[in-house]
Amino acid sequence: MRALRALGEERIELLAALLEVRGRGLLVALDLGREAGAKVVDAARERGLLINSPRPETLRFMPALTTTRAEIDAMLGLLDQALGSVLAR
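Bear in mind the structure is a predicted one, so any value in this text is a computation, not a measurement.

1. Some words on the pattern of salt bridges
Step number 1: Counting across every chain of the model gives one salt bridge.
Step number 2: One salt bridge in this structure joins R45 and D42, with 3.2 Å as the shortest N-O distance. Separated by three residues within a single helix, R45 and D42 lie in helix 2 (residues 37-46), roughly one turn from each other.
Step number 3: On the basis of relative accessibility, which here comes to 46%, the residue R45 falls in the partly exposed class.
Step number 4: With a relative accessible area of 39%, D42 lands in the partly exposed category.

Structure below.
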């Protein structure tokens, strides 16, 4: 959750409407503040990252309990690319 908040701060020009990062443990949701969830999911999938969008403005992350810190860091990099490709338009 801390890393997602940091990503939002780094990408403030794209995520100015970022409303909230919420969840417990590894089950985390990111509210984008705009209806771009499906597009971000598609862009993430193209990069090999599987996430979902239960609502048009929300992304949900549900990694395996055995996920390593290195895998989370890799996910954040892929998410950053996906967000950049969608929200920069």
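2. A word on the sheet that holds strand 4 (residues 58-61)
Step number 1: Spatially, four strands are ordered 1-2-4-3 in an open sheet, and the strand pairing comes out antiparallel. Looking at the sheet topology across the chains shown, the edges are occupied by strand 1 (20-24) and strand 3 (52-55). Between one strand axis and the next, the sheet turns by 25 degrees as a mean value, whatever way the strands run.
Step number 2: Sheet analysis places strand 1 next to strand 2 (residues 27-31), joined by five bridges and oriented antiparallel. Bridge pairing links R24 to L27 in strand 2.
Step number 3: Docked against the sheet, helix 2 engages strand 3 and strand 4, running at close to 170 degrees with respect to strand 3.

Cut-off values and rules
- Residues numbered from 1 in each chain as written.
- Predicted model: local features only at pLDDT ≥ 70, side-chain atom pairs only at ≥ 80, totals over all residues.
- Heavy atoms only, no water.
- Salt bridge = Lys/Arg side-chain N within 4 Å of Asp/Glu carboxyl O.
- Helix = DSSP H or I, 4+ residues; strand = E, 2+ residues; numbered from the N terminus.
- Buried < 20%, exposed > 50% of the residue type's maximum accessible area, 1.4 Å probe, protein only.
- Pairing = 2+ DSSP bridges.
- Axes fitted to C-alpha atoms, helices over the stretch in contact; angles between N-to-C directions.
- Contact = heavy atoms within 4.5 Å.

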